[in-house]
Amino acid sequence: MATPNTPFTTPGEPLGNDDGIISRKLDTICLFDVDGTVTIPRQSITPEMDMCLQEVRKKCLIGLVGGSDIVKIAEQIGGTQAIAKYDYVFAENGLVGYKNGVQFFEENIQKYVGDDDLQTLINYCLKYLSEIRLPFKRGTFIEFRNGLINVSPVGRNCTQKERDLFEAYDSVHKIRATMIKDLEEKFAHLNLVYAIGGSISFDIFPEGWDKRYAIKHLEKDNVKNIYFFGDKTFKGGNDYEIYNDPRTKGYSVTSPVETRAHLCELFGS
């Protein structure tokens, strides 16, 4: 975990006015992964975490960056209207961007990679998945998003209990890691990145389209201090690159509870 030279006001120090706007550091952001960092994977944010983040927002900018599409992120943070509670929300690793609740950016993987190569990749994944045996399988094994392809060996339609069971099974049998290794060898010429995220899937996207993609949007807005919080910070995890980027000060966490603990240390929130 990085130990930043925190540029914030002292925890507990009175704010400039009742709404805290005057004392906000607009060149500083706390940027959070979603699953495993501010919520339990695919679960809703708790009132305690929501309140904690809004208290932090009185002192600096706050943002979310996730691999999921904006619909799934919105579901977890309280609905579409809750997007405006964050200064920035970056879906699909920053390939879809919202600022103060309004979309300002979108990029598309099919324009970048090309439909022929994408179809070859998707067909290969489907064939691979059809040949592996798991304790169970459900539906929606491939999900096409604007900025990435999400692959779930067990299927995204599984229940929360089944998610937990697969995650435990995968930690022993390395289903996702083994498939990724195979894809890296088969499709090396496409310069794609494969990143494990959440509990049941992994993402495929062009090199450079990981969560660091969100940083360029922040740099354009002169945000200079970026404090990133994420749980998949290991090599191969979808927080690894942004966590280790020299432009960020990273915190590796294991749960929303740990995220809140770090925020309490920094802000007294």
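Before any of the text, the structure's been laid out above.
Residues numbered from 1 in each chain as written. Predicted model: local features only at pLDDT ≥ 70, side-chain atom pairs only at ≥ 80, totals over all residues. Heavy atoms only, no water.

## Some thoughts on the nonpolar core
L121, V151, M179, L183, Y194, F202 and I204 are the most contacted members of the largest nonpolar core, which has 34 residues in total. Elements that contribute at least two residues to this core include exactly α3 (109–113), α4 (115–130), β7 (149–151), α6 (175–186), β8 (192–197) and β9 (201–206). Apart from the residues lying within four places of it in its own chain, the contact partners of M179 are C125, Y128, L129, V151 and F202. Residues C30, V38, L53 and F267 belong to the second largest nonpolar core, which totals 29 residues. (Core = buried A, V, L, I, M, F, W, Y, C linked by side-chain atoms within 4.5 Å. Buried < 20%, exposed > 50% of the residue type's maximum accessible area, 1.4 Å probe, protein only. Helix = DSSP H or I, 4+ residues; strand = E, 2+ residues; numbered from the N terminus. Contact = heavy atoms within 4.5 Å.)

## Observations concerning the pairing of β8
With 6 of 6 residues buried, β8 lies mostly within the body of the structure. Of the two faces of β8, the one carrying L192, Y194 and I196 and the one carrying V193, A195 and G197 are both buried. Two elements, β8 and β9, share 6 bridges in a ladder whose sense is antiparallel. Bridging across to β9, G197 finds its partner in S201. (Pairing = 2+ DSSP bridges.)

## Here's the deal with the packing of α4 against α6
Packing of α4 against α6 leaves a shortest axis separation of 12 Å and a crossing angle of 145 degrees. Two packed elements cross with a definite hand, and for α4 against α6 that hand is right-handed. Along its contact with α4, which presents L121, Y124, C125, Y128 and L129, the element α6 presents T178, M179, D182, L183 and K186. The residue inventory of the contact of α4 with α6, partitioned by class, reads 7 nonpolar, 1 polar and 2 charged. (Axes fitted to C-alpha atoms, helices over the stretch in contact; angles between N-to-C directions. Left-handed = near helix turned anticlockwise from the far one by under 90°. Nonpolar A, V, L, I, M, F, W, Y, C, P; charged D, E, K, R; others polar.)

## Details of the sheet that holds strand β5 (residues 102–106)
One open sheet accounts for 7 strands, arranged β5-β4-β3-β2-β1-β10-β11; its pairing is mixed. The two strands at the open ends of the sheet, each matched to only one other strand, are β5 and β11 (248–252). Adjacent strand axes in the sheet meet at a mean angle of 20 degrees, parallel and antiparallel pairs treated alike. Summarising the sheet, strand β10 (residues 225–230) and β11 pair through 5 bridges and their orientation is parallel. By the bridge assignment for β11, F229 is matched with Y251. Sitting on the sheet, helix α1 (residues 47–57) is in contact with β1 (25–32) and β2 (60–65), with an inclination near 135 degrees to β2. The strands touched by helix α7 (residues 213–220) within the sheet are β1, β2, β3 (88–91), β5, β10 and β11, with β3 carrying the most contacts at an inclination of about 150 degrees.

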